[in-house]
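Overview (structure and organization)
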Amino acid sequence: MRKALLVTVLSVVAAFGIDPAAREVKTVYLLRMGNGLDQYLASELSKQGVFTVTTDAQKADALLTDSLGEPFERKYLELYPPPEPEKKKDDDKKDEKKDGMIGVGARAGSSTIGRGKGTIFLVERKSRNLLWSMTRQPKHSGTKEMVNHARKIVAALKKELSGK
């Protein structure tokens, strides 16, 4: 009975292992990754036809990165700055009264998400929702190993996207 329950639970988890919104992604922008993994992934994503890889972040549906948290947030805001709010005359007076506090309302502390090596994240551009992730550590950073590493990551992503 326990084995049957375990198999059922694992089947359900496997079936829902990827956010359904990931199936809507057509174009990805790759952020710089350790050991040049972004370059190897770009090549494999194109070869295997999983996503169109763009060099224009504005055209991307999603981002592939190897880190989340503050480094990701900084890069995201650099790529997609929020629109400047319209300034009112009263706002000028308020700005003069500020007491020099910078970053009020900014998130305190730091996230440990993505600090572990070998994790890849697919993040939806507009919502910043995590659509998919995978942990796979390369054995070393040699070219042959990195090509193989990228190939296996893309194959796993392709498999989950197809629902098989």
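In this text the structure is predicted, and so the values were computed from the model without any measurement.

Quick look at the overall build of the chain
Helix and strand counts for the chain come out as five helices and five strands. Starting at the N terminus, the α and β elements of the chain follow one another as α-β-α-β-β-α-α-β-β-α.

A short note on the nonpolar core
L41, L45, F51 and L122 are the most contacted members of the largest nonpolar core, which totals 25 residues. Listed by contribution, the elements that provide at least two residues to this core are strand 1 (27–30), helix 2 (37–48), strand 3 (62–65), strand 4 (119–124), strand 5 (130–135) and helix 5 (143–162). A per-element tally of this core places helix 5 first, with six residues. The residues touching L122, leaving out its near neighbours within four places in the chain, are A22, V28, F51, A62, L63, L64, N129, L130, L131 and W132. The next biggest cluster of nonpolar side chains, apart from the first, holds twelve residues, and it includes Y29, L31, Y76 and Y80.

Let's talk about helix 2
Counted at 1.5 Å a residue, the expected span for helix 2 with its twelve residues is 16 Å, and the 16 Å between its end C-alpha atoms agrees. Where the residues of helix 2 are buried, they touch strand 1, strand 2 (52–53), strand 3, strand 4 and helix 5. Following helix 2 by one or two positions, G49 adopts a phi angle in the positive range, close to 65°.

Quick word on the side chain of E145
Positionally, E145 belongs in helix 5. There is no salt bridge for the buried E145, and the closest opposite charge comes from R136, which lies 4.6 Å off by N-O distance. There is a polar contact of 3.1 Å between the side chain of E145 and the backbone nitrogen of K139. Apart from residues no more than four positions distant in its own chain, E145 is found in contact with P138, K139 and H140.

Considering unusual backbone geometry
Notably, N35 is not glycine yet its phi reads approximately 60°, a positive angle. Looking at the secondary structure, you find N35 in the loop between strand 1 and helix 2. With a phi angle near 65°, R128 is a residue other than glycine that sits in the positive phi range. Note on placement: R128 falls in the loop between strand 4 and strand 5. On the accessibility criterion, R128 (34% relative accessible area) is partly exposed.

With respect to the packing of helix 2 against helix 5
Packing of helix 2 against helix 5 leaves a shortest axis separation of 9 Å and a crossing angle of 50°. By the criterion of interaxial angle, the relationship of helix 2 to helix 5 is oblique. Handedness of the helix 2/helix 5 crossing: right-handed. Residues L37, Y40, L41, E44, L45 and Q48 of helix 2 touch helix 5, and the partners they reach there are T143, M146, V147, H149, A150, R151, I153, V154, A155, L157 and K158. Considering only residue class, the contact of helix 2 with helix 5 consists of eleven nonpolar, three polar and three charged.

Some points on helix 3 (residues 70–79)
Within the sequence span of helix 3, burial applies to F72, Y76 and L79. Along helix 3, the residues classed as buried sweep out an arc of 65° about the axis, all on the same side. Projecting away from the buried face of helix 3 at angles above 90 degrees are the exposed residues R74 and E78. Residues of helix 3 that are buried sit in contact with strand 1, strand 3 and strand 4.

What counts as what
- Residues numbered from 1 in each chain as written.
- Predicted model: local features only at pLDDT ≥ 70, side-chain atom pairs only at ≥ 80, totals over all residues.
- Heavy atoms only, no water.
- Helix = DSSP H or I, 4+ residues; strand = E, 2+ residues; numbered from the N terminus.
- Core = buried A, V, L, I, M, F, W, Y, C linked by side-chain atoms within 4.5 Å.
- Buried < 20%, exposed > 50% of the residue type's maximum accessible area, 1.4 Å probe, protein only.
- Contact = heavy atoms within 4.5 Å.
- Expected span 1.5 Å × (residues − 1).
- Lys, Arg positive; Asp, Glu negative; His and termini not counted.
- Salt bridge = Lys/Arg side-chain N within 4 Å of Asp/Glu carboxyl O.
- Polar contact = N/O pair within 3.5 Å; in protein donor to acceptor, adjacent residues only side chain to side chain.
- Axes fitted to C-alpha atoms, helices over the stretch in contact; angles between N-to-C directions.
- Parallel < 35°, antiparallel > 145°, perpendicular 65-115°, else oblique.
- Left-handed = near helix turned anticlockwise from the far one by under 90°.
- Nonpolar A, V, L, I, M, F, W, Y, C, P; charged D, E, K, R; others polar.
- Arc of directions from axis to C-beta.

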